[in-house]
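Observations on chain architecture
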Amino acid sequence: VWNGENGKTFFYQCELPYDVKQQNFGDQGYAGYVVAEHVQTHTLRGGGVYSYFRDHEVHCHCGFRAPECRSGINLLNIFTVYLNGNGGINHVLNLQGDKCSSETQGVPHFLSYFPMAQA
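Residue numbers restart at each chain and count upward from 1, following the sequence in its written direction. In keeping with the predicted nature of the model, local features appear solely for residues at pLDDT of at least 70, side-chain atom pairs appear and are counted solely at 80 or more, and the whole-chain, interface and lining totals rest on all residues. Side-chain measures were taken over the full set of non-hydrogen atoms in the model, leaving aside hydrogen atoms and water.

1. Some details on the overall build of the protein
Working definition: helices are DSSP H or I runs of at least four residues, strands are E runs of at least two. Numbering for both runs from the N terminus. The helix and strand tally for the protein stands at one helix and seven strands. When the elements of the protein are put in sequence order from the N terminus, they spell out β-α-β-β-β-β-β-β. Its C-alpha atoms put the protein at 40 × 25 × 25 Å along the principal axes. Buried positions account for 47% of the 119 residues belonging to the protein. All accessible-area figures derive from a Shrake-Rupley calculation using a 1.4 Å probe, and residue coverage is judged against the displayed protein chains alone. Accessible surface, the protein: about 6200 Å² in total, of which carbon and sulfur atoms supply 48%. Working convention for charge: Lys and Arg count positive, Asp and Glu count negative, and His plus the chain ends are omitted. Note that the charge is assigned to NZ on lysines, CZ on arginines, CG on aspartates and CD on glutamates. Positive and negative side-chain charges of the protein, numbering 7 and 10 respectively, have mean locations separated by a distance of 7 Å. Accessibility here uses a 1.4 Å probe with only protein chains present; expressed as a share of the type maximum, an area under 20% marks a residue as buried, one over 50% as exposed, and anything in between as partly exposed.

As structure tokens, this is what we get:
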């Protein structure tokens, strides 16, 4: 979880844990990259979260999670991808972006530019 102000991340990769269960991972709301709700300014440029739930059927809500409706929160060129295994990731960021699962194995689901502020 990113808790600080004015954070900048350039090129981030995360492969979600292989051996978790729905009850201790998916239902707990874990994500591969999280910006805390109190953060006002943060930038991520280039990030990928990969799904390979090897042992159990797990559906992760999203690969990335960040506060919405804040002009200082910007995530650019982020994606999720299903590598193999069971389950998948339902959204790229919060409720945005397509689901990655066995039906889309190896195909990245991108959000190219996502400022979180309302227009």
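2. Some thoughts on the layout of surface pockets
Points on a 1 Å grid, built from protein atoms alone, make a cavity when a 1.4 Å probe fits but cannot get out and make a pocket when they are open with protein on both sides within 12 Å along at least 5 of 7 lines; residues with an atom within 4 Å of a point are the lining residues. Grid points are joined across faces, edges and corners, and a volume is the space filled by probe spheres set on the points. Quantified by volume, the largest pocket comes out at close to 160 Å³. Around the largest pocket sit V1, W2, Y12, G29, Y30, A31, G32, Y33, V34 and R65, which together line it. Three residue categories are used. Nonpolar comprises Ala, Val, Leu, Ile, Met, Phe, Trp, Tyr, Cys and Pro, charged comprises Asp, Glu, Lys and Arg, and polar comprises the others, including Gly. The class makeup of the residues in the lining of the largest pocket is seven nonpolar, two polar and one charged.

3. Focus: the nonpolar core
In this description, a nonpolar core means a group of buried Ala, Val, Leu, Ile, Met, Phe, Trp, Tyr and Cys residues linked to one another through side-chain atoms lying within 4.5 Å. One finds L16, F25, F53, F64, L75, I78 and L93 to be the most contacted residues of the largest nonpolar core, which totals 24 residues. Looking at this core, the elements that each hand over two or more residues are strand 3 (42–51), strand 4 (59–65), strand 5 (73–82) and strand 6 (88–93). With four residues, the top contributor of residues to this core is strand 5.

4. Brief notes about the pairing of strand 5
For strand 5, the buried fraction is high: nine of the ten residues fall into the buried class. Criterion used throughout: strands pair if DSSP finds at least two bridges between them. Examined bridge by bridge, strand 3 and strand 5 share nine bridges and lie parallel to one another. Counterpart to T43 in the pairing with strand 5 is N74.

5. A look at the pattern of salt bridges
The salt bridge definition used is simple: a Lys or Arg side-chain nitrogen within 4 Å of an Asp or Glu carboxyl oxygen. Across all of its chains, the model carries one salt bridge by this definition. Linking R54 and D55 is a salt bridge whose minimum nitrogen-to-oxygen distance equals 2.8 Å. According to the relative accessible area criterion, R54 is partly exposed, its value standing at 40%. The class of D55 is partly exposed, set by a relative accessible area of 38%.

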